[in-house]
Structure formats: structure tokens, C-alpha cells
Amino acid sequence: MFTESTALRRVKPSATLAATDKARELARQGKNIISLSVGEPDFDTPENVKQAAIKAIVDGKTKYTNTDGILELKQAVCAKFERENGLTYKPSQINVSPGGKAVLFNAFTASLSPGDEVVIPAPYWVSYPDMVLLAGGEPVIAATSMKNGFKLKPAELEAAITPRTRWLLLNSPSNPSGAAYTRSELRALADVLLRYPDIWVLTDDMYEHLVFDDFEFTTIAQVEPALYERTLTMNGVSKAYAMTGWRIGYAGGPEPLIKAMEKVMSQTTSNACSISQWAAVEALNGTQDFIKPHAKLFQERRDLVVSMLNQARGLHCPTPEGAFYVYPSCEGLIGKKSPSGRTIRNDEDFVLELLEVEGANAVYGAAFGLSPFFRVSYAASTERLEDACSRIQRFCANVR
Ligand SMILES: Cc1ncc(COP(=O)(O)O)c(C=O)c1O
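Residues numbered from 1 in each chain as written. Predicted model: local features only at pLDDT ≥ 70, side-chain atom pairs only at ≥ 80, totals over all residues. Heavy atoms only, no water.

1. Details of unusual backbone geometry
Then step 1. Cis geometry is found at the peptide bond from Ala122 to Pro123, where omega equals 5 degrees.
Then step 2. Positionally, Pro123 belongs in the loop between β3 (117-122) and α6 (127-134).
Then step 3. A cis geometry characterises the amide bond from Ser172 onward to Pro173, with omega recorded as -10 degrees.
Then step 4. Summarising the element assignment, Pro173 is placed in the loop between β5 (165-171) and α8 (183-194).
Then step 5. Residues other than glycine seldom take positive phi values, yet Ala242 does so here, at roughly 50 degrees.
Then step 6. Of note, Ala242 is situated in the loop between β7 (231-236) and β8 (249-252).
Then step 7. Phi angles above zero are rare outside glycine, and Arg247 is one such case at about 65 degrees.
Then step 8. By the secondary structure assignment, Arg247 is in the loop between β7 and β8.
Then step 9. Look at Arg247 and you get partly exposed, because its relative accessible area is 33%. (Helix = DSSP H or I, 4+ residues; strand = E, 2+ residues; numbered from the N terminus. Buried < 20%, exposed > 50% of the residue type's maximum accessible area, 1.4 Å probe, protein only.)

Laid out in C-alpha cells, this is it:
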């Protein structure tokens, strides 16, 4: 009989992928389903990036590469960090992995020993705690609040720190809340970290380019240069360049950590896809014209979704600074009856009832570590978003 490993038994499957599967199954049964659970831009990869990949194939760039990335891509990443974040890295300080997810996993695997703790602000991206567990560490969840814009306050950080704390994990703009830290908010967290020289920072800046209303994106090593020596600044091409399927993530950080991550890759995946790496070189070095119009479009969608959800009875939807998610509260509906007659006991029930009654598929807040909320992805066309938000409004209106 097959049994899962002890390490894997500590982990649960991704709730967001499970939500997508459930909606797909209902759609297969003929139900009219609209999904608000996708975590990728609904645009195609830019043409210049596709052409670079085609050229890489034609030129025979189809062999193994350096384990943690081709020099050309590392140089492009260095140039990106310098240009956009004012951070200076050498190629030897850069890791390229098969996706942002793999960067995180490699960093945790390379650094965590049993009992080591990682402070993760909630709501968090679903994969963080399970990745820490899989790497043998212990996630320590630090809850944020809606009134603080779902952002970790210095006192909340301080309360989560123990002698075993190894990392603070930051994600700005955030999946699932869309919250992004301002320079002064990062400054305040940095002030706490300066008092704890053994704690490192892993910052997931995946949604850097999706910020709205003239919000100025900053990252913690830029705000506090004294943290540079213990920060891993992680990013990738998946969200900014609509390249989720190409699987390229990257990070800049201290050389010993980067070397340790390479060691992990050398015994697991080896390099990220050679063709995708060449495509990513073009994404980072080529025209950046793609980015701004898409951010503008996402801002319009955010405004539409926030406005429509705030018109739904019992919901409250804050306006986030970035990414393509909103994280409304469904507290006003907890304890009430769904049109199906069932009681909505928590956010998971809310999302399940919404899917069954109206065919609108979102992800429940408990999966992200903070209830009673749910995540709506607005990486969808205006028509689909209007349809989905109307269904949510109708569902809420019929809750008694
Ligand atoms: C916050 C965050 N970090 C990392 C990732 C992973 O990115 P990738 O697709 O490059 O592995 C995602 C994807 O959903 C994300 O939302």
C-alpha cells in the first residue's frame, strides 16, 4: 500500500488549484460556472518574447544550461534590479529557478533546519506555509487586520519573533489581498529587523508591476540598505509579462545563500528550461511597453470589482494597491441562511454556497489564513467580471 512520506503528510494540496478543479468539474456537468479563482493574467505573452523563444529553438539553445541560470539572464536580472529597484547585484548573487515558486522552495530547502521558524503575515499566498513545512521548517502565522489594510505592523512582527525565527516572508503587492507596503511601512518593519541581526527577509515581489493610482513600489533592501546582506529579493516574469507557463523565477541575494540554492537545484530540477530563459532575457531587456497599459487595465477592473462588491449586501471590499485580487469581508453574512437553506457558518461555506447557487467560483479566506474573507481574482474580461459580480450581488441579496 502506498503511504505518503512524513514530510508530505505535513502538507495540504493547494486550495486555489482545488477550487479551480471543483469549478471545472461542475462546468463539465453542464453548470454555467464563472471562475474568479485564477492566478494568472488573461493576456498572451508579448510577441517579442515569443519570437526570442523561437529564435532560441532555431539557434539550438536546447541543451542543459548552468544549474541556476544562463549568464545572459543573470545579467538581465542584475540590470532589472539596478534599473527598477536601485539594487546592485553581481551575476553570482542571482538565482534563476523554474518559476517563482521554485525560487521560494529552493531558498527554504537551502536554509531551514528542523524547528526553524518563518514568520508569514496572513492573509498569505497559499503555498508559503506548506513550502516551509515541506522544507522542514515551522510556519509562524502573524495575522494582519482589514483596518490596517492587511499589512503587518511592527508590533505584530515583534510579537511573532522567537529565538528560532530564521526568516520574515514579505509579499507586496500581496496575493490574496492586493495590499502593497509603502516606503514608510517597510521602514517601520525594517526598524524592528535591525534589532534582530539573525533574521533574514525573503521578499516576494512577484506583483511589483501591478500597482495602481501612482503607488510607488519599493522593496525592503532598497528601503534599508543595512538589510541587503540578509535579504533575498525574489521576483519573476510570470505575472508582469504574462508568462506563467514558461516557468521562470529569479532572486538576488547574498552569495552563500545563492550557492546553497544552486546546490538544491543541482540535485533536483537542474536548470530552468533553456528556451524559457532566453525568452526571459528578452522580457527583461526588451521593450517594457507591455507593462503600463496592462496595469492600467487591471486598475479599471479593480475599480469595477470593488465598486460592485461594495454594493452587495453584507460584503465589505477594501480597495487594494496592487496585484489582481481583492479580499472582501463576508462577515455580514456569517450565521445567515443561503438560498439553498443551508447556514453559512464560515467563509468556506460562503464560497461553496456561492458556487452551488450562482456558479461563481472564488477562494475562501481560511485557505489564506485569515477569515471571514474570500479572494476574488479580477484577471478576467470586464464582461465576465460584471457577470460574476452581479451573481455575487444576487446571492447576497437572497441570503436571509
Ligand atoms: C505571491 C506569489 N508568489 C509566487 C508565485 C509563483 O509564481 P510562479 O508562477 O512564477 O511560480 C505566485 C503565483 O501565483 C504568487 O501569487
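2. What to know about helix α2 (residues 15-28)
Then step 1. A rise of 1.5 Å per residue sets the reference length of α2, with its 14 residues, at 20 Å; its end C-alpha atoms lie 20 Å apart and thus fit the reference within 8%.
Then step 2. For α2, the complete set of buried residues consists of Ala15, Thr16, Ala19, Thr20, Ala23 and Leu26. Here the buried residues of α2 occupy an arc of 145 degrees about the axis, which is enough to place them on one side. Exposed and oriented more than 90 degrees from the buried face of α2 are Leu17 and Arg28.
Then step 3. Packed against the buried residues of α2 are α13 (347-358), β10 (360-361), β11 (363-364) and β12 (374-377).
Then step 4. Residue Gly30 follows α2 closely and has a positive phi angle near 100 degrees. (Expected span 1.5 Å × (residues − 1). Arc of directions from axis to C-beta. Contact = heavy atoms within 4.5 Å.)

3. Things to note about the layout of surface pockets
Then step 1. Of the pockets and cavities examined, the largest pocket occupies roughly 710 Å³.
Then step 2. In terms of lining residues, the largest pocket is bounded by 33 residues, among which Leu17, Gly39, Glu40, Trp125 and Lys239 are the most central.
Then step 3. For the lining of the largest pocket, the elements supplying multiple residues, two or more each, are α2, α5 (100-111) and α6.
Then step 4. Counting residues per element, the lining of the largest pocket draws most heavily on α2, which supplies 7 residues.
Then step 5. Here the lining of the largest pocket is built from residues that sort into 12 nonpolar, 13 polar and 8 charged.
Then step 6. What the second largest pocket holds in volume is close to 440 Å³.
Then step 7. Counting residues per element, the lining of the second largest pocket draws most heavily on helix α12 (residues 291-310), at 5 residues. (1 Å grid on protein atoms, 1.4 Å probe; cavity = no way out; pocket = protein on both sides within 12 Å on 5 of 7 lines; lining within 4 Å. Points joined across faces, edges and corners; volume = space filled by probe spheres on them. Nonpolar A, V, L, I, M, F, W, Y, C, P; charged D, E, K, R; others polar.)

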